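If you want the building blocks of each chain, they are given just below.
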Amino acid sequence: MDIKGANGFEALKALMGTLPDGPEAEAAEEPAETRLSGTQTLTLHYERKGRGGKEATIIVCPDSMSDAQTADLGAALKKAMGTGGSVRGNEILLQGDRREALRKRLAAMGYRVKG
């Protein structure tokens, strides 16, 4: 096929329908074991003591969640809240008092929240 002419992209646009699905389409369908399970209960804590007066919101995940699931949830929450934080063991620490926003976000994700 000759793609010479005023705009070579016109010829490429005609080929778009004949191309196979790429890795993006395959990645959209995650296996069930790596998908975040929303049927679990998470516990929220608020701390200021021992942190130099700085506020921290701590989410305690159940032991049934794997470390990978906890890390994925922590990364998603840090990005959604626009704040820093860390994941250690079964705890997710977010900087600042984010309890109300976290309750809404976690409920929307299907988690039950205590605290």
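In short, a report on the structure. This is a predicted model, so every value here is computed, not measured.

1. Examining the overall build of the protein
And then number 1: The number of helices and strands found in the protein is 4 helices and 5 strands.
And then number 2: In the protein, the succession of α and β elements from N to C terminus is α-α-β-β-α-β-β-α-β.
And then number 3: Buried positions account for 22% of the 115 residues belonging to the protein.
And then number 4: Considering only contacts within the protein whose residues lie at least 6 apart along the sequence, 53% involve residues at least 24 apart.

2. Things to note about helix α3 (residues 67-81)
And then number 1: Between its first and last C-alpha, α3 extends 21 Å over 15 residues, near the 21 Å set by a 1.5 Å rise per residue.
And then number 2: If you check which residues of α3 are buried, you get Q69, T70, L73, G74, L77 and M81. The buried residues of α3 all sit within an arc of 135° when viewed along its axis, so they share a single face.
And then number 3: Where α3 is buried, its residues touch β1 (41-47), β2 (56-60), β3 (85-88), β4 (91-95) and α4 (99-108).
And then number 4: Remark: G82 follows α3 within two positions and exhibits a positive phi of approximately 65°.

3. With respect to the side chain of T70
And then number 1: The residue T70 is located in helix α3 in this model.
And then number 2: In contact with T70, not counting residues within four places along its chain, are C61, M65, V87, G89, N90 and I92.

4. Some points on the environment of Q40
And then number 1: On the secondary structure map, Q40 appears in the loop between α2 (23-27) and β1.
And then number 2: Q40 sits in the buried class, given a relative accessible area of 13%.
And then number 3: Counting along the chain gives 24 residues from Q40 to S64, while the straight-line C-alpha distance between them is 8.6 Å.
And then number 4: Every residue in contact with Q40, bar those within four places of it in the chain, is listed here: P62, S64, M65, Y111 and R112.

What counts, and where the lines are drawn
- Residues numbered from 1 in each chain as written.
- Predicted model: local features only at pLDDT ≥ 70, side-chain atom pairs only at ≥ 80, totals over all residues.
- Heavy atoms only, no water.
- Helix = DSSP H or I, 4+ residues; strand = E, 2+ residues; numbered from the N terminus.
- Buried < 20%, exposed > 50% of the residue type's maximum accessible area, 1.4 Å probe, protein only.
- Contact = heavy atoms within 4.5 Å.
- Expected span 1.5 Å × (residues − 1).
- Arc of directions from axis to C-beta.

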